[in-house]
Amino acid sequence: MLSSLSGRVSGLSFDLAHSLLRNTAIRASSNWTTISTVKTDRYPLKVTSSLVLRQAQYSSSSPNTFPAHAPATDEGKEGFFKRFIKKMGWLDNSRVRLRMSSCILYESVADSVDYNEFFTYFEMPDTFNTWFLITELHVWMLLVRSMAEGAEKDDAGRFLRNCIVEAMWNDVTTRAKQLSAHNPSVVRPQIQLLSEQFQAALLAYDEGISFDDKALASALWRRFFSGHCKDYEKLEVLVKYVRKQVAMLDETNRYDFAIKPKIKWLPLFEKPSA
């Protein structure tokens, strides 16, 4: 429909062309709303990170930026239809790029985080639940860094955050179905329960990272250790681990985080240099 209109709009009367474009825009807007609603309401994420590491300023002149809309320069040299679809955002591929980046960022958790090190040092059983706790902690740190790129409704940081959460739930659902192949009916209630726990964990971790180490340790003790950690040295190790990972992400520039992600998670313990 859009391609056919672009070739005929110059030959139509202004009223007719305006009517066709308006109807097309309504349909496109309706479809976009439906898609975004399905993807965000499946596992609603209602929290906004209380820690804003940096407030990003978007600029189309910088290779490290991803403007929400195409720049409105030389509008006088562009046709009405081209300016119209630019305004609607149909020519902008920044969100496609961000969605790809979100998958790479989430995969970095599986590729770089040493799960066995966590299982061994913290004496955690190698189960689906403990895997989720470790993944959840690292995903939360990615979300904190994402929100530094803009926390408002239409900002890139907020969109990136939602895409990371979506990628995580797709992976969690796939793993849960594989583990419960003999009884698929239990997957949905399990995912719903994890979703509620995940949102509560985000609130607790956000509060902890915003204050001192005692607050962060309390949040980790309640969620990560489920209130069962008698060795407080291990709790201290985890607090230091989170602090250094958040600092590493904070020092990562926008290009290496959101455009072409190059995240390599630090080990739980620094290996001695040779």
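The structure presented is a predicted model; accordingly, all values stated were derived computationally and were not measured.

Conventions we followed
- Residues numbered from 1 in each chain as written.
- Predicted model: local features only at pLDDT ≥ 70, side-chain atom pairs only at ≥ 80, totals over all residues.
- Heavy atoms only, no water.
- Helix = DSSP H or I, 4+ residues; strand = E, 2+ residues; numbered from the N terminus.
- Buried < 20%, exposed > 50% of the residue type's maximum accessible area, 1.4 Å probe, protein only.
- Contact = heavy atoms within 4.5 Å.
- Areas by Shrake-Rupley, 256 points an atom, 1.4 Å probe, with all protein chains shown as cover.
- Salt bridge = Lys/Arg side-chain N within 4 Å of Asp/Glu carboxyl O.
- Phe/Tyr/Trp six-rings, centres within 6.5 Å; stacked < 30°, edge-to-face > 60°.
- Lys NZ or Arg CZ within 6 Å of the ring centre and 35° of its normal.
- pLDDT = per-residue confidence, 0-100.

1. Re the overall build of the protein chain
At step 1: Scanning the protein chain from N- to C-terminus turns up 11 helices and 0 strands.
At step 2: Tracing the protein chain from N to C terminus, the helices and strands come up as α-α-α-α-α-α-α-α-α-α-α.
At step 3: Counting every position in the protein chain, which comprises 274 residues, the buried fraction comes to 40%.
At step 4: Taking all contacts inside the protein chain whose residues are at least 6 apart in sequence as the whole, residues at least 24 apart take part in 69%.
At step 5: About 15700 Å² of surface is accessible on the protein chain, with carbon and sulfur atoms providing 54% of the total.

2. Some details on the pattern of salt bridges
Note on pairing: side chains with opposite charge can pair once their charged atoms come close.
At step 1: Per the stated rule, a full pass over the model turns up 8 salt bridges.
At step 2: In this structure, Arg-99 engages Glu-166 in a salt bridge whose closest nitrogen and oxygen atoms are separated by 3.2 Å. With Arg-99 in helix α4 (residues 94–112) and Glu-166 in helix α7 (residues 156–179), the pair connects residues that are 67 residues apart, well separated along the chain.
At step 3: Arg-99 gets classed as partly exposed once you look at its relative accessible area, which sits at 27%.
At step 4: Connected via shared salt-bridge partners are Arg-145, Glu-149 and Arg-254.

3. Here's the deal with the packing of aromatic side chains
At step 1: The tally for this structure, following the rule as stated, stands at 12 aromatic pairs.
At step 2: Ring geometry for Phe-122 and Phe-224: centres 5.8 Å apart, planes at 75 degrees, overall edge-to-face. Here Phe-122 is found in the loop between α5 (115–121) and α6 (128–147), whereas its partner Phe-224 is found in the loop between α9 (213–223) and α10 (232–251), with 102 residues between them in sequence. Considered together, Phe-122 and Phe-224 belong to a single accessibility category, that of buried residues.
At step 3: Cluster of aromatic residues (ring-pair linked, three or more members): Phe-118, Tyr-121, Phe-122, Phe-224, Phe-225, Tyr-241 and Phe-269.
At step 4: It is Arg-145 that lies over the ring of Phe-257; its NZ or CZ is 4.8 Å from the centre.

4. Considerations on the confidence of the model for the protein chain
At step 1: Residues at a pLDDT of 70 or more form 65% of the protein chain, whose mean pLDDT is 74.
At step 2: Per-element mean pLDDT across the protein chain ranges from 36 in helix α2 (residues 14–41) up to 96 in α6.
At step 3: Low pLDDT, under 50, characterises residues 1–77; the stretch is placed with 109 contacts to residues that sit more than four places away or in other chains.

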